[in-house]
Amino acid sequence: MVLVEPEIPPNTGNIARLCAATSSVLHLVGTLGFRIDEQSVRRAGVDYWHLVEVRQHVDFPHFFHAWSREAPGRSLHLFTALAERSYIGAGYAPGDALVFGRESVGLPEDLLAAHPGRHVGIPTLGAVRSLNLANAAGIALFEALRSMGALERTFMG
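Below: a short report on this structure. (Residues numbered from 1 in each chain as written. Predicted model: local features only at pLDDT ≥ 70, side-chain atom pairs only at ≥ 80, totals over all residues. Heavy atoms only, no water.)

Re the packing of aromatic side chains
At step 1: Within the structure shown, the criterion is met by five aromatic pairs.
At step 2: The structure contains a cluster of three or more aromatic residues connected by ring pairs, namely F60, F63, F64 and W67. (Phe/Tyr/Trp six-rings, centres within 6.5 Å; stacked < 30°, edge-to-face > 60°.)

What follows is the structure, given as structure tokens:
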């Protein structure tokens, strides 16, 4: 799970809990709109932060370099309201990166332009053009886990 310059602390907190619940790494990229030092996390009442593997990167190129070395051959899935392809058929594999942008503006245009064909979106049926970041991250992560068969194993003992 990759958040590029997240702005709203509760969204990141909810996504951190999601990562803790699924044993997923949380990558925080660029400038954050809040602090994540121990005192700030404790003050926010986030009692599960120690259960999350959080990796911070100064910018996307630094994330991409580290991730490419750790998960060679894996795919980026760039979530954007501008996508023409659904997240459902994206073809997820272990080690893939689910990348989300800032709540206010989404992913930077230059990042999207650098990775054509990697854009996916979550369709909405109503008048809104996009979902809350934490909701979108939950939908995407559980679809990726479902499509890889990871969820069934949890109920099989």
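Things to note about helix α5 (residues 133-147)
At step 1: Over its 15 residues, α5 extends 21 Å from the first C-alpha to the last, a length consistent with the 21 Å expected when each residue adds 1.5 Å.
At step 2: G149 lies just past α5 and shows a positive phi near 75 degrees. (Helix = DSSP H or I, 4+ residues; strand = E, 2+ residues; numbered from the N terminus. Expected span 1.5 Å × (residues − 1).)

Some details on the sheet that holds strand β3 (residues 54-57)
At step 1: In spatial order, the strands read β3-β2-β1-β5-β4-β6; together these six strands make up an open sheet with parallel pairing. The sheet is open, and its two borders are formed by β3 and β6 (119-120), each paired with just one other strand.
At step 2: With two bridges joining them, strand β1 (residues 2-4) and strand β5 (residues 97-100) adopt parallel strand pairing. Of the residues in β5, the one forming a bridge with V2 is V99. (Pairing = 2+ DSSP bridges.)

Here's the deal with unusual backbone geometry
At step 1: Positive phi outside glycine occurs at E5, with the angle close to 50 degrees.
At step 2: Its location among the elements puts E5 in the loop between β1 and α1 (9-22).

Re the environment of G106
At step 1: As for its placement among the helices and strands, G106 is situated in the loop between β5 and α4 (109-114).
At step 2: Between the C-alpha atoms of G106 and S130, which are 24 residues apart in sequence, the distance is 9.9 Å.

Let's talk about the pattern of salt bridges
At step 1: Following the criterion strictly, the structure yields five salt bridges and no others.
At step 2: Between R102 and E5 there is a salt bridge; the shortest N-O distance is 3.5 Å. Of this pair, R102 sits in the loop between β5 and α4 while E5 sits in the loop between β1 and α1, placing them 97 residues apart in sequence.
At step 3: For E7, the salt bridge goes to R102, with nearest N and O atoms at 3.1 Å. Placement of the pair is E7 in the loop between β1 and α1 and R102 in the loop between β5 and α4, with a sequence separation of 95 residues.
At step 4: Judged by its relative accessible area of 24%, E7 falls in the partly exposed class.
At step 5: Through salt bridges that share partners, E5, E7 and R102 make up one connected network. (Salt bridge = Lys/Arg side-chain N within 4 Å of Asp/Glu carboxyl O. Buried < 20%, exposed > 50% of the residue type's maximum accessible area, 1.4 Å probe, protein only.)

Re the environment of A90
At step 1: Its location among the elements puts A90 in the loop between β4 (76-79) and β5.
At step 2: Using a relative accessible area of 9% as the deciding quantity, one classes A90 as buried.
At step 3: The sequence separation of A90 and S147 amounts to 57 residues, and the corresponding C-alpha distance is 9.5 Å.
At step 4: Every residue in contact with A90, bar those within four places of it in the chain, is listed here: H77, R85 and V120. (Contact = heavy atoms within 4.5 Å.)

Some points on helix α3 (residues 60-70)
At step 1: Of all the positions in α3, only F60, F63 and W67 are classed as buried. End-on, the buried residues of α3 take up no more than an arc of 60 degrees, which puts them together on one face. Every exposed residue of α3 that faces more than 90 degrees away from the buried side is listed here: P61 and R69.
At step 2: If you follow the buried residues of α3, they end up packed against β1, β2 (26-29), β3, β4, β5 and α4. (Arc of directions from axis to C-beta.)

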